[in-house]
Every structure is written in C-alpha cells, then in structure tokens.
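Observations on the model geometry
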Amino acid sequence: MTADPLPAEHLSSLATLVDEVLAGVGYEMTAATDVIDNAVPGYGGLFDPATSPAELRHAIETLPGSELTHPPIPEPTSDTFILYVDGSSRGNPGPAGAGAVIMDAAEDQLARLGRPVGSRTGNNTAEYVALQLGLSELLARYEPRRLEVRIDSMTVIRDVWGGDDPTEPGVETYSEAVAASLSSIPEHQYTHLADSDPNPADALATVGADIAAFGPG
C-alpha cells in the first residue's frame, strides 16, 4: 500500500481521523469500517446515529496500531488491470468523497477503495482524487503494464489524456501525481462511462462523502 496518507482538502478533525484509519489499511473501505465498528462500544458503529462524535473520536484515538492491518493482496491474472474511479460531491461544492475499484483482466475485483476528500469540495476535484487514489494503490500493490481507466468525468479525461491544463482551481497537486503515476505504466487508456453505465466505485465515493460530512467532533 502507499507509504504515506494521500493529501486531502479541508476535513473536520473527526473526518481526518477516519481518513487516517483508511490510510492505515490501504484505503480499503470495508476493512476500515470493520475496525472502527469493532472499536466503538455497544451496538453503535461508524454510521450508526447512536454513536456520538465523542464516542467515535475516542474509539479511533484508542485503536492500537496493530489493529490497522492491510487486508491480503489478491493475485491478479496478469499485468493487465482495469481501474474504475468516481468522485461524489453533495452540493458541488459540498462534502465530497472518492472511490476506486481495481480489477484484473478477468474483471475480478482486487481492491475496493474509498476516502473522504473535503468538507466543501467540487465534483471535479473529487474525481481527480479518486483517480489518484486508484493509481497510487495499484502501483503500490502491483506492477501494471497495461491499464484501462473507466471514468465518467470528461473534465478529468480532457486534462489527463487530452493534454489540457487543469481547469479546476487547486487540483495541481492531484493532477501532477496522476501524471507521474501514469508515466510509470507503459500502456494506459481511458473508457468514458455514461451516466447510465454501472460503476462499482460510485458507492465507495458516496461513503467517502458521508465521512467528509462528519462535523467538527
């Protein structure tokens, strides 16, 4: 997995703590949710209304580092991969999340990744973060030779594959990281997803936006 947490936009202190747990398990959303739920006392959990912000903060702060273990990394069928990415922003700008799903050539899911992006962030920035998230974890886990990125944002497609300068203010950090990651993959292309096309990263981005909406607790 990536050695250091990936950069994010402004998040509340509580959302930042959750993002740190996500980073500790390689941004595997299910693993992070499980470890937090196990740490929260009683029958509450990360998204249970019965869990107060104070309880959630205490549970995360007292998590032993040994509990943040990366799930096993599945073996791919080859050095060819598919990466679904999606960003979600409520209000555009608003609470935003990023999701990414790594698949092998047989379209078996190898990783389901997600994270909060920012408490008041636009959709295009969330899409950039989703692409950065997927590429960072793909390269940390595997040695891809061929990659197909499946993405619905034409803005990001034009910027990354069309050679346009980024039009979204403040995305330079993400766009530069994306360009550096793609430069290490010998063959890569994109497929534009229509709104009606299924995207398994969508639900993960939505959960990331849920986390980004956590208040100042």
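Everything here concerns the structure above.
Figured I'd write up the structure that's included with this text.

Calculation notes
One numbering rule holds for all chains: residues counted from 1, following each sequence as written. The predicted nature of this model means local features are confined to residues of pLDDT at least 70 and side-chain atom pairs, given and counted, to a pLDDT of 80 or more, with totals for whole chains, interfaces and linings taken over all residues. Hydrogens and water molecules were not included; the side-chain quantities draw on all heavy atoms of the structure. Secondary structure elements are defined from DSSP: runs of H or I of at least 4 residues count as helices, runs of E of at least 2 residues count as strands, and each element is numbered from the N terminus. Atoms considered for the radius of gyration are the C-alpha atoms alone. The globule rule reads 2.2 Å times the number of residues to the power 0.38. We call two residues contacting when some pair of their heavy atoms lies within 4.5 Å. To be clear on the numbers: accessible area is Shrake-Rupley with a 1.4 Å probe, and residue cover counts the displayed protein chains and nothing else. What makes a nonpolar core is a set of buried Ala, Val, Leu, Ile, Met, Phe, Trp, Tyr and Cys residues whose side-chain atoms join them at distances within 4.5 Å. Partly exposed residues are those whose accessible area sits between 20% and 50% of the maximum for their type, while under 20% is buried and over 50% is exposed, using a 1.4 Å probe and protein chains only. For two strands to pair, DSSP has to find at least two bridges joining them. Distance and chemistry together define a polar contact, namely a pair of N or O atoms within 3.5 Å, with one atom able to donate a hydrogen and the other to accept it when in protein, and with adjacent residues in sequence counting only for side-chain atoms on both sides. Orientation is described by lines fitted to C-alpha atoms, with helices fitted over the stretch in contact, and by angles between N-to-C directions that extend from 0 to 180 degrees. Each crossing gets its handedness from the near helix: less than a right angle anticlockwise from the far helix is left-handed, clockwise is right-handed. Here the nonpolar group is Ala, Val, Leu, Ile, Met, Phe, Trp, Tyr, Cys and Pro; Asp, Glu, Lys and Arg are the charged ones; every other residue, Gly included, is treated as polar. This arc is taken over the directions from the axis of the helix to the C-beta atoms.

On a plain count of helices and strands, the protein comes out with seven helices and five strands. When the helices and strands of the protein are listed from N to C terminus, the series reads α-α-α-β-β-β-α-β-α-α-β-α. In terms of overall dimensions, the protein is globule-like: its C-alpha atoms have a radius of gyration of 17 Å, near the 17 Å expected for 217 residues. The principal-axis extents of the C-alpha atoms in the protein amount to approximately 50 × 35 × 30 Å. Expressed as a percentage of contacts within the protein between residues at least 6 apart in sequence, the contacts between residues at least 24 apart total 75%. Entry remark: accessible area of the protein is about 9600 Å², with carbon and sulfur atoms responsible for 50%.

Among the nonpolar cores identified, the biggest contains 61 residues, and Ile-36, Leu-83 and Leu-147 are the most heavily contacted of them. When residues of this core are assigned to their parent elements, the largest contribution, eight residues, is made by helix H4 (residues 123-141). Leave out the neighbours within four places in its chain, and Ile-36 touches Val-18, Val-21, Leu-46, Leu-56 and Ile-60.

On to the pairing of strand S1 (residues 80-89), then. Within a regular beta strand, the side chains point alternately toward one face of the sheet and then the other, so they alternate between its two faces. Counting buried residues in S1 gives nine out of 10 residues, a clear majority hidden from the surface. When S1 meets strand S4 (residues 146-151), the two strands line up parallel, connected through five bridges. The residue of S4 that forms the bridge with Leu-83 is Val-149. Alignment of S1 against strand S2 (residues 94-104), held across nine bridges, turns out to be antiparallel. Paired with Ser-88 across the strands is Gly-97, a residue of S2. Counted between consecutive antiparallel strands, the loop separating S1 from S2 contains four residues, among which Gly-91 sits at a positive phi close to 105 degrees.

A few words on the environment of Glu-137. Among the secondary structure elements, Glu-137 is positioned in helix H4. For Glu-137, a relative accessible area of 0% puts it in the buried group. Among the polar contacts listed, one links the side chain of Glu-137 to the side chain of Arg-141, at a separation of 3.0 Å.

Here the focus is unusual backbone geometry. For the bond from Asn-92 to Pro-93, the omega torsion is 15 degrees, close enough to zero to count as cis. Inspection of the secondary structure puts Pro-93 in the loop between S1 and S2. Positive phi values are uncommon outside glycine, yet Asn-92 reaches one of about 40 degrees. Relative to the helices and strands, Asn-92 is located in the loop between S1 and S2. Although it is not a glycine, Glu-107 sits at a positive phi angle of roughly 65 degrees. Tracing the backbone through its elements, the reader meets Glu-107 in the loop between S2 and strand S3 (109-121).

Their axes nearest at 10 Å, the elements helix H1 (residues 13-24) and helix H3 (residues 53-61) cross at an angle of 35 degrees. Regarding H1 and H3, the two cross each other, and that crossing is left-handed. Residues Ser-13, Leu-14, Leu-17, Val-18 and Val-21 of H1 touch H3, and the partners they reach there are Pro-53, Leu-56, Arg-57, Ile-60 and Glu-61. Class assignment of the residues belonging to the contact of H1 with H3 gives a composition of seven nonpolar, one polar and two charged.

Moving on, we come to H3. Within H3, the full set of buried residues consists of Leu-56, Ala-59 and Ile-60. Buried residues of H3, viewed axially, fall in a sector of 95 degrees; they line one side. Away from the buried face of H3 by more than 90 degrees, exposed residues Ala-54 and His-58 are located. Where H3 is buried, its residues meet H1 and helix H2 (29-39).

A word on the packing of H4 against helix H6 (residues 172-183). Helices that pack against each other are described as a pair by the angle of their axes relative to one another and the distance between those axes. Between H4 and H6, whose axes approach to 9 Å, the crossing angle comes to 35 degrees. Taken as a pair, H4 and H6 cross one another with a handedness that is left-handed. Each of Thr-125, Tyr-128, Val-129, Leu-131, Gln-132, Leu-135 and Leu-139 in H4 lies in contact with H6, whose residues at this interface are Tyr-174, Ser-175, Ala-177, Val-178, Ser-181 and Leu-182. Tallied by class, residues from the contact of H4 with H6 come to nine nonpolar, four polar and no charged.

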